[in-house]
Amino acid sequence: QVQFVDSGGGLVQPGGSLRLSCATSGMIFQLFGMGWYRQGPGNQRELVASIAGGDSDSTNYAESVKGRFTISRDNAKKMVYLQMNNLKPDDTAVYFCNVVPRPADRYWGQGTRVTVSS
């Protein structure tokens, strides 16, 4: 059974930082590209960062987070991380990890809530 367990969210002031973690299980993790998605209030879920699987560690970012967010993975621990710096109120959302390029809809986790507010 595939599982994604997201954690690390919280309340932070504008300009602050958070590091999100995603623990995965039930899959051959190193073979899959992984991504962080988010869903803000009243918005559709969007992909904000992705990292390739296999032998490549290439990354991609949405324009809105480029230069502020960094995605990384630890294949030995089957973990994915999202370092978020210089957070803005528009980053307020529930964040989820899932595979890329197409998320596995059956296996969305509970997400982790990030609130950026003064």
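Please refer to the structure higher up on the page.
Before going into details, it helps to say that this report is about the structure given with it. (Residues numbered from 1 in each chain as written. Predicted model: local features only at pLDDT ≥ 70, side-chain atom pairs only at ≥ 80, totals over all residues. Heavy atoms only, no water.)

## Comments concerning the overall build of the protein chain
Quick note on the threshold: To qualify as a helix, a DSSP run of H or I must reach at least 4 residues; to qualify as a strand, a run of E must reach at least 2; elements of each kind are numbered from the N terminus. Note that the radius of gyration is over C-alpha atoms, with the globule rule given as 2.2 Å times the number of residues to the power 0.38. Throughout, exposure labels follow a simple rule: accessible area from a 1.4 Å probe, protein chains only, divided by the maximum for the residue type, with under 20% read as buried, over 50% as exposed, and the rest as partly exposed. Throughout, a residue-residue contact means that at least one pair of heavy atoms, one from each residue, lies within 4.5 Å.
When helices and strands are counted, the protein chain shows zero helices and 10 strands. Ordered by position from N to C terminus, the α and β elements of the protein chain give β-β-β-β-β-β-β-β-β-β. Its C-alpha atoms give the protein chain a radius of gyration of 13 Å, near enough to 13 Å, the size a compact globule of 118 residues would have. For the protein chain, the spread of C-alpha atoms along the three principal axes comes to 40 × 25 × 25 Å. For the protein chain, the residues scored as buried account for 42% of the 118 residues in total. Long-range pairs, those at least 24 residues apart, make up 54% of the contacts in the protein chain between residues at least 6 apart in sequence.

## Remarks on the state of the cysteines
Under the convention used in this document: Pairs of cysteine sulfur atoms within 2.5 Å are what we label disulfides.
Counted by the stated rule, this structure contains one disulfide. Linked covalently through their sulfurs, Cys22 and Cys97 form a disulfide whose S-S length is 1.8 Å. Pair noted here: Cys22 is in strand β3 (residues 18-25) and Cys97 is in strand β9 (residues 93-100), with a separation of 75 residues, a long-range link. Assigned by exposure class, Cys22 and Cys97 land together as buried.

## Quick word on the sheet that holds strand β4 (residues 33-39)
The condition is simple: Paired strands are those between which DSSP finds at least two bridges. To obtain each axis, a line is fitted to C-alpha atoms, and for helices this fit is confined to the stretch in contact; angles are then taken between N-to-C directions over 0 to 180 degrees.
Taken together, six strands build an open sheet; the order of strands is β2-β10-β9-β4-β5-β6 and the sheet is mixed. The two strands at the open ends of the sheet, each matched to only one other strand, are β2 (10-12) and β6 (59-61). Along the sheet, successive strands turn relative to each other by an average axial angle of 25 degrees, direction set aside. Sheet topology places strand β5 (residues 46-51) next to β6; three bridges connect them, and they run antiparallel. When the sheet's bridge partners are listed, Ile51 is paired in β6 with Thr59.

## Points about the environment of Val100
Mapped onto the elements of the fold, Val100 is located in strand β9. The exposure class of Val100 is buried, given its relative accessible area of 17%. As a C-alpha pair, Val100 and Gly33 span 67 residues in sequence and 5.2 Å in three-dimensional space. Contacts of Val100, omitting those with residues within four sequence positions, involve Gly33, Met34, Gly35, Tyr37, Leu47, Ser50 and Ile51.

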